[in-house]
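# An overview of the molecular structure
These are the residues of each chain, in order.
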Amino acid sequence: MLAYALALVVLPLSAAAEPAPADFYVAPDGSDGNAGTYEAPFISVAQAQRAVRARVAAGLDKDVRVLIRGGVYRLQEPLAFGPEDSGSEAHGITYAAYPGEEVILSGGRPITGWQKADGDKWTVELAEVKAGAWGFRELFADGRRLPRGRYPNAPDPMRVQSVSEDVKQVVLDGVPGLDNLAGRDAELVMFQNWSISRVAIVSSEGATVHLNNPMGWIGHGAATTASPGKPVYVENAVEFVDQPGEWYLDRASGVLTYQGGAGEDPNTRTFVAPVATHLVIVAGRAGTAVRNLHFEGLAFEYNAWSLPPFGYLGIQACHHGTRTDERFHVLPVALEFTYAEDCSLDGCRLAHLGASGAGFGIACRRNRIEGCTVEDIGGNGLMVGWRGKGDVFDGDAYMELSADWTKPEYAPSGNIIAGNTVCRCGAVNHGAVGIFDAFSADTRIEHNHVFDMPYTGISVGFRWDSSATNERGAQILYNHVHDTMQMLADGGCLYTLGLQPGAVIRGNLFHGAHRSSYAHGGAPNNGIFFDEGSKGLHVEGNIIYDTTGDPIRFNQTNRENLTWGENSFGVGPDDPAFPHEAARKAGPSREAGS
């Protein structure tokens, strides 16, 4: 567990000011040989963790607080917390930013030493990449995600003309500009109806592209599988690096190529590429949870995601797989919680992540994510019911996607997602949602602001019929969700699936469910989409307007399967009948979750 600190500007306290109270301190100019006091801080969070662990082993008789001074702390591998790092029922353990200072726990590494090449191109040779010890799919400059070289240039796609029977050969309506894409690590990216697919290109000739795996989730029909008319582009070849900000990494030579703007010198900017795959792992065990562990005011930035050998074949909400008769996968989360109880992220920031943000998985109970900013995320933002680890029913092959936990006590329960700002998720794999909840009991999703999404804002439930699961009692309250569905189809500001006894949708403000030129398939986009099996929810006090489809929609369920109070559907803010006072109650509030 390695963490290195890079000093930023640390604002010193005046001589008259008292230090903020804590048990241990960490600072960029500290040393892990120090005692961890204010005057002699540690340099790494990992060393503070070891000091806290000794307190836990001795028996906690009070809360423990670690304050981290302003700076960037670079993580080579995740901070891992187990039962030996746990608080108790009576006493908590908190890792917090020093008041008034910015603390960044970063899984990224700076890229420096750019050399001028032809035109406005710049290159740098990365020895670790050339040696096969490092590779990355994301690159950032001054905190902005940069696009890999693609053809055609954004936002224009090509379209699929035809697909072979084995779905491994695709004929496009344009030629990607190269005689043969073999040996370039190029990928074909296709917009399915409500998901995307990414598959490595083996070779090409003219408009015909040969792939290393079938293009799509096979067995579910055309909606998730390559078919004529779907938007598509080719990504990741050095020849496609022709627009300012585009880049390409040659893994064989280790050379990173960047297209600068006119007169730009990238040596004057801060470039970061991800190294660590996870940033924090909180992992208890059955019967021995990690409890009462808290993170306050910290920024978690930059982590890596690798394309699986078979590609990324999106199913829905960042679940993916090859075929309906084979197992499903779900994108990893940068901050992973399993067997965690009464833990929290409070006032934190999650940004520039390769896959999904934070997730509560198996046996997570009464945890909170509150007052956080979650932005520029490769996949989903926040997840309750993340099934990347843990036991789920095997079921039949198709229904494995909607498999529940093998025991009721494994289901997450009583978790809170409140008062957060969640935006620009799905930056890599666009079929993503801002907040996801499934196979969980009594989740509260309240007073969040979710916007700027390529697909759905909030998704609750994940079984495509009305059979009973552990999903029950979700409270979706006073959220403000807008500007969703900016790329894909068949979703909305809120999306629901399956039987959900005791669930309530109340006081939400939903608007701006768009439909883009990328959207494929005839299904509209709505304020709320009640999809297959949605049943048992109570809907009242919601405001929905400005949707390309109807304010609400039902598919293989109906209005009679839900209970209803008064709602405002289809009335915009310029209408005298618009409920302005009710609309002002939606969105973040620091009282949320109390």
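Refer to the structure printed above.
Tallied over the full model, the rule gives zero disulfides. With no disulfide of its own, Cys 364 lies 7.8 Å from the sulfur of Cys 343, the closest cysteine sulfur.

Ordered by their spatial adjacency, four strands build an open sheet running β9-β10-β21-β20, and the pairing between neighbours is antiparallel. Strands at the two margins of the open sheet, each flanked by one partner only, are β9 (115-116) and β20 (247-250). Bridge count between strand β10 (residues 121-125) and strand β21 (residues 255-259): five bridges; the pairing is antiparallel. What sits directly across from Thr 123, in β21, is Thr 257.

To continue, consider the sheet that holds strand β34 (residues 356-360). Backbone hydrogen bonds hold the strands of a sheet together, and the pairing may be parallel or antiparallel. Read across the sheet, ten strands follow the order β5-β23-β30-β34-β37-β40-β43-β46-β49-β52 without closing on themselves; strand pairing throughout is parallel. In this open sheet, the two strands that pair with only one neighbour each are β5 (79-81) and β52 (552-554). For this sheet, the mean angle separating the axes of adjacent strands, direction not counted, is 10°. When β5 meets strand β23 (residues 280-283), the two strands line up parallel, connected through three bridges. Looking at the pairing, Phe 81 lines up with Val 282 of β23.

Here we take up the side chain of Asp 437. Along the polypeptide, Asp 437 turns up in strand β40 (residues 435-437). Although Asp 437 lies buried, it forms no salt bridge, and the closest oppositely charged side chain, Arg 472, sits 11 Å away as judged by the N-O distance. With residues up to four places along the chain from it excluded, the contact list for Asp 437 reads Val 384, Thr 443, Ile 445, Ser 459, Val 460, Gly 461, Glu 471 and Ala 474.

Now for the packing of aromatic side chains. Evaluated as defined, the whole model comprises 25 aromatic pairs. Between Phe 191 and Tyr 233 the ring centres are 6.3 Å apart and the planes differ by 50°, which places this aromatic pair in the tilted class. Linking Phe 191 in strand β16 (residues 187-191) with Tyr 233 in strand β19 (residues 231-235), this pair joins segments that are 42 residues apart in sequence. Take Phe 191: its relative accessible area is 1%, and that puts it in the buried class. Since its relative accessible area comes to 4%, Tyr 233 is described here as buried. A connected cluster of aromatic rings, assembled from ring pairs, spans Phe 81, Tyr 95, Phe 295 and Phe 300. A cation over a ring is seen here: Arg 69 above Tyr 98, with NZ or CZ 4.3 Å from the ring centre. If you follow Arg 150 out to its NZ or CZ, it ends over the ring of Tyr 233, 3.7 Å from the centre.

Here we come to the pattern of salt bridges. Under the defined criterion, the tally for this structure stands at 33 salt bridges. In this structure, the salt-bridge partner of Asp 85 is Arg 53, at a minimum N-O distance of 2.8 Å. Taken together, the positions of Asp 85 in the loop between β5 and β6 (93-97) and Arg 53 in helix α1 (residues 45-58) put the pair 32 residues apart, joining distant regions of the chain. On the basis of relative accessibility, which here comes to 0%, the residue Asp 85 falls in the buried class. A salt bridge links Glu 187 to Arg 198; the shortest N-O distance between them is 3.5 Å. Here Glu 187, found in strand β16, pairs with Arg 198, found in strand β17 (residues 196-205); they are eleven residues apart in sequence, far enough to count as distant. Among the charged side chains, a network of salt bridges with common partners joins Glu 89, Arg 291, Glu 341, Asp 342, Arg 365 and Arg 366.

Another point: the environment of Gly 261. When you line up the elements, Gly 261 lands in the loop between β21 and β22 (271-274). Measuring from C-alpha to C-alpha, the distance between Gly 261 and Glu 246 comes to 9.9 Å, with 15 residues separating the pair along the chain.

Cut-offs applied
- Residues numbered from 1 in each chain as written.
- Predicted model: local features only at pLDDT ≥ 70, side-chain atom pairs only at ≥ 80, totals over all residues.
- Heavy atoms only, no water.
- Disulfide = S-S within 2.5 Å.
- Pairing = 2+ DSSP bridges.
- Helix = DSSP H or I, 4+ residues; strand = E, 2+ residues; numbered from the N terminus.
- Axes fitted to C-alpha atoms, helices over the stretch in contact; angles between N-to-C directions.
- Buried < 20%, exposed > 50% of the residue type's maximum accessible area, 1.4 Å probe, protein only.
- Lys, Arg positive; Asp, Glu negative; His and termini not counted.
- Salt bridge = Lys/Arg side-chain N within 4 Å of Asp/Glu carboxyl O.
- Contact = heavy atoms within 4.5 Å.
- Phe/Tyr/Trp six-rings, centres within 6.5 Å; stacked < 30°, edge-to-face > 60°.
- Lys NZ or Arg CZ within 6 Å of the ring centre and 35° of its normal.

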